[in-house]
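Here are the chains, one letter per residue:
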Amino acid sequence: MSAPTPPASPPASAGAPGGSDAGLAPAAAELAAKAAGLRVAVIGGGIAGLVAAKECAAIGMPVTVFEAAAVPGGVVRRGEADGIVFDAGAESFATRGGHVRALLADLGIEGRIVDPAPGGAWLAGIPGVGAAPLPRGGILGIPENPFAEDVRRIIGWRGTWRAYLDRVRPPLTIGHDRSLGHLVRSRMGARVLDRLVAPVSTGVHSAHPDDIDIDAAAPGLNAALTRVGSLSGAVAELRAENAAKAGASAEAKRPGAAVQGIDGGMAVLVDALVDRLGTLGAEVRTDHPVTALERDGDAWLVHTGAGSAEGAGSVAGGGNPTDDTAPTAERFDAVILAADEETARRLLAPHVSALDAIPAGPSPRIEIVTLVLDAPALDAAPRGSGVLTVPGSHTAKALTHGTAKWPWLRASAGGRHVVRVSFGAQGEEPATAALDDDAVAALALSEASALLGVALDPAALRGSFRARFAQSQPSASLGAADRRAAAGRVIAAVPGLAAAGAWLSGTGLAQVVPHARAEAERLRHALLWG
């Protein structure tokens, strides 16, 4: 564990004249003493809240994290079935920006980063075809060459010739298309949109292509279209540009380099963050939902009503667990809201009235059902690492063959198979919503059998785990970036208040982590220098 980092260096005027070294030590000591007297409450113990808490605790601020659930982590959580522990929520992180890798290195677990096994995904529910490997050489499912055999197999000759019209249509030179769906439909036709692009956008972003902002999902594609004159040509140019930027780096060449995971599962990151907070003297209180925020002069009163007495208490920082579930109120000098959007808006409503004018983003309800199977027929990974579905063709939107994708999971499964089946997307309730756990497991098994093309007998099911999520609006949704920026501005205008989480940063740890760090730094600076 590394030692707490000191506060940011004070300006020259804070020390001796001219900012000489003689004045820096007293100034640093003064700042350290000031930081130690500033209590910070972090509401929400997901990755955003834990990262923000770590940044404040690292300079000596007393920090308390309030988490409503029985365990911290949010969408990063463990599941267990038939003695196998696996990721029940987020199973990987995007490598772009290097932010998550840097966090893992800081926590001393960089050595546990792992790559997914090579092996592409499949598409299922293709009219007249059934299932086929997802074509390579595209962006967001948009093909670089519609005549490629793996593309033509899915869209047929009719779809191929319609897509070819993209080559002879004039480019849009004034303005550009924002909607991914509208752009693909107008340039390459319905078959490319419905059979290639929609499965990717629904499976990855939980949103239909019509609701995806192409500038957010594929920066530079519109500009390339204007230069090259066709969408397929723009895809080819952008792929070439990305390859040139990557150069010959090992990071770029490694299979699956766009995403990576952690040996033992992503919850290892949660464990490491909680351990670091304990080392820094911070406290993480689970089963402690915050019911209200109240202004108390320049400070805040955080009202809590603890959850179930079983499991309630402190999991870090030396506090004593308690079974006292009576509502309480504690005074803090600052608050970082790192809860989901619905909870955050409710708590902020009395204090950030301007937030009411900013519409909330849609929050798709997602369920992930993980199955442990004794099914030797899956040993050969018949559909690669997973399957995406053509919208409307299956009840499930996607499937991940976990033991085919992650070597660490395969090693721990002892010959069994771990398969994740995902339900729900933006604008639709998951088909599992009204079912009990047994019925959900049966439905997931039926869907897995259909998507993998293998008859899976109910006797093959060794165990299952069900996880429910309210997903923040996908980052690439039309208008999402503007809403996030507007909400961030009005929250930042309130003294002693910061907010983090996917509804403000965008979804995915590659966006959540740097945003949480930036919000914590903004609040630290305001408290120490404001």
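Residues numbered from 1 in each chain as written. Predicted model: local features only at pLDDT ≥ 70, side-chain atom pairs only at ≥ 80, totals over all residues. Heavy atoms only, no water.

Going by an unreviewed UniProt entry, the protein chain carries the name Oxygen-dependent protoporphyrinogen oxidase and comes from Microbacterium resistens.

The next subject is the overall build of the protein chain. Looking only at helices and strands, the protein chain has 18 helices and 23 strands in total. Counting all 530 residues of the protein chain, 49% fall into the buried class. A separation threshold of at least 6 residues defines the contact pool for the protein chain, and within that pool the share at least 24 residues apart is 71%. When the accessible area of the protein chain is evaluated, it comes to approximately 22000 Å², of which 54% is carbon and sulfur surface. (Helix = DSSP H or I, 4+ residues; strand = E, 2+ residues; numbered from the N terminus. Buried < 20%, exposed > 50% of the residue type's maximum accessible area, 1.4 Å probe, protein only. Contact = heavy atoms within 4.5 Å. Areas by Shrake-Rupley, 256 points an atom, 1.4 Å probe, with all protein chains shown as cover.)

Moving on to helix 11 (residues 267-279). With 13 residues, helix 11 extends 19 Å from end C-alpha to end C-alpha; this agrees with the ideal 18 Å at 1.5 Å per step. Just downstream of helix 11 lies Gly281, where phi reads positive at about 85°. (Expected span 1.5 Å × (residues − 1).)

Once that is clear, we can look at the pairing of strand 1 (residues 40-43). Here strand 1 shows two buried faces, one formed by Val40 and Val42 and the other by Ala41 and Ile43. Bridging between strand 1 and strand 17 (residues 334-337) involves 4 bridges; their strand directions are parallel. Note that in strand 17 the partner of Val40 across the bridge is Ala334. Where strand 1 lies against strand 2 (residues 63-66), 4 bridges are found, and the strand directions are parallel. Looking at the pairing, Ala41 lines up with Thr64 of strand 2. (Pairing = 2+ DSSP bridges.)

Let us look at the pairing of strand 4 (residues 84-87). Note that strand 3 (residues 78-81) and strand 4 share 4 bridges and pair antiparallel. For Ala81, the partnering residue across the bridge sits in strand 4 and is Ile84. Between strand 3 and strand 4, which follow one another and run antiparallel, lie 2 residues, and Asp82 among them has a positive phi close to 55°.

Attention now moves to the packing of helix 2 (residues 47-57) against helix 18 (residues 509-529). The contact between helix 2 and helix 18 brings their axes to 8 Å, and the two run at 35°. When the axes of helix 2 and helix 18 are compared, the crossing they make is right-handed. Packed against helix 2, whose contacting residues are Ile47, Ala48, Val51, Ala52, Glu55 and Cys56, the element helix 18 presents Leu509, Val512, Val513, Ala516, Arg517, Ala520 and Arg524 at the interface. Tallied by class, residues from the contact of helix 2 with helix 18 come to 10 nonpolar, no polar and 3 charged. (Axes fitted to C-alpha atoms, helices over the stretch in contact; angles between N-to-C directions. Left-handed = near helix turned anticlockwise from the far one by under 90°. Nonpolar A, V, L, I, M, F, W, Y, C, P; charged D, E, K, R; others polar.)

Let us look at unusual backbone geometry. A positive phi angle is found at Asp82, which is not glycine, with a value near 55°. Secondary-structure assignment places Asp82 in the loop between strand 3 and strand 4. The class for Asp82 is partly exposed, based on a relative accessible area of 29%. A positive phi angle, near 55°, is found at Leu140, a position not held by glycine. Along the chain, Leu140 turns up in the loop between strand 9 (138-139) and strand 10 (142-143). On the basis of relative accessibility, which here comes to 18%, the residue Leu140 falls in the buried class.

Our focus in this paragraph is the packing of aromatic side chains. Tallied over the full model, the rule gives 6 aromatic pairs. On the numbers, 5.7 Å between centres and 70° between planes, the contact of Phe147 with Tyr164 is edge-to-face. Here the residue Phe147 occupies a position in the loop between strand 10 and helix 4 (149-164), and Tyr164 occupies one in helix 4, the gap between them amounting to 17 residues. On the accessibility criterion, Phe147 (29% relative accessible area) is partly exposed. Aromatic side chains Trp161 and Tyr164 sit 5.9 Å apart centroid to centroid with 85° between the ring planes, which places their arrangement in the edge-to-face category. With Trp161 and Tyr164 both in helix 4 and 3 residues apart, this pair spans about one turn of that helix. (Phe/Tyr/Trp six-rings, centres within 6.5 Å; stacked < 30°, edge-to-face > 60°.)

Quick look at the environment of Ser472 now. Summarising the element assignment, Ser472 is placed in the loop between strand 22 (461-470) and helix 16 (480-492). Relative accessible area serves as the criterion here: at 15%, Ser472 is assigned to the buried category. Setting aside residues no more than four positions away along its own chain, Ser472 makes contact with Pro362, Pro364, Ala502, Trp503 and Thr507.

Now for the pattern of salt bridges. Summed over all chains, the structure comprises 27 salt bridges. With a closest N to O distance of 2.9 Å, Glu110 and Arg101 form a salt bridge. Classification of Glu110 by relative accessible area gives partly exposed; the value is 34%. Residue class for Arg101 comes out partly exposed when judged on its relative accessible area of 29%. In this structure, Arg331 and Asp296 form a salt bridge, with 3.1 Å as the shortest nitrogen-oxygen distance. Highlighted residues: Arg331 in strand 16 (residues 328-332) and Asp296 in strand 13 (residues 290-296), separated in sequence by 35 residues. Residue class for Asp296 comes out partly exposed when judged on its relative accessible area of 30%. Linked through salt bridges whose partners overlap, the residues forming this network are Lys54, Glu55, Asp106, Arg276 and Arg517. (Salt bridge = Lys/Arg side-chain N within 4 Å of Asp/Glu carboxyl O.)

Right, let's get into the sheet that holds strand 11 (residues 259-262). The sheet built from 3 strands is open, its strands ordered 5-11-6 with antiparallel pairing. Both edges of this open sheet fall to strand 5 (93-94) and strand 6 (113-114), since each of them pairs with a single strand only. Here 2 bridges tie strand 6 to strand 11, and the two strands are oriented antiparallel to one another. Across the sheet, residue Val114 finds its bridge partner in strand 11, namely Gly261.

What follows concerns the side chain of Ser477. Tracing the chain through its elements places Ser477 in the loop between strand 22 and helix 16. Judged by its relative accessible area of 3%, Ser477 falls in the buried class. In contact with Ser477, not counting residues within four places along its chain, are Asp211, Ile212, Asp213 and Gln426.

Within the largest apolar cluster, 51 residues are counted, with the highest numbers of intra-cluster contacts made by Val40, Ile47, Met61, Val63 and Leu269. Of all the secondary structure elements, the ones that give two or more residues to this core are helix 1 (21-36), strand 1, helix 2, strand 2, helix 3 (99-106), helix 11, strand 17 and helix 18. With residues near it in sequence (within four places) discarded, Leu269 still touches Ile47, Leu103, Leu104, Leu107, Ile109, Ile262 and Leu509. (Core = buried A, V, L, I, M, F, W, Y, C linked by side-chain atoms within 4.5 Å.)

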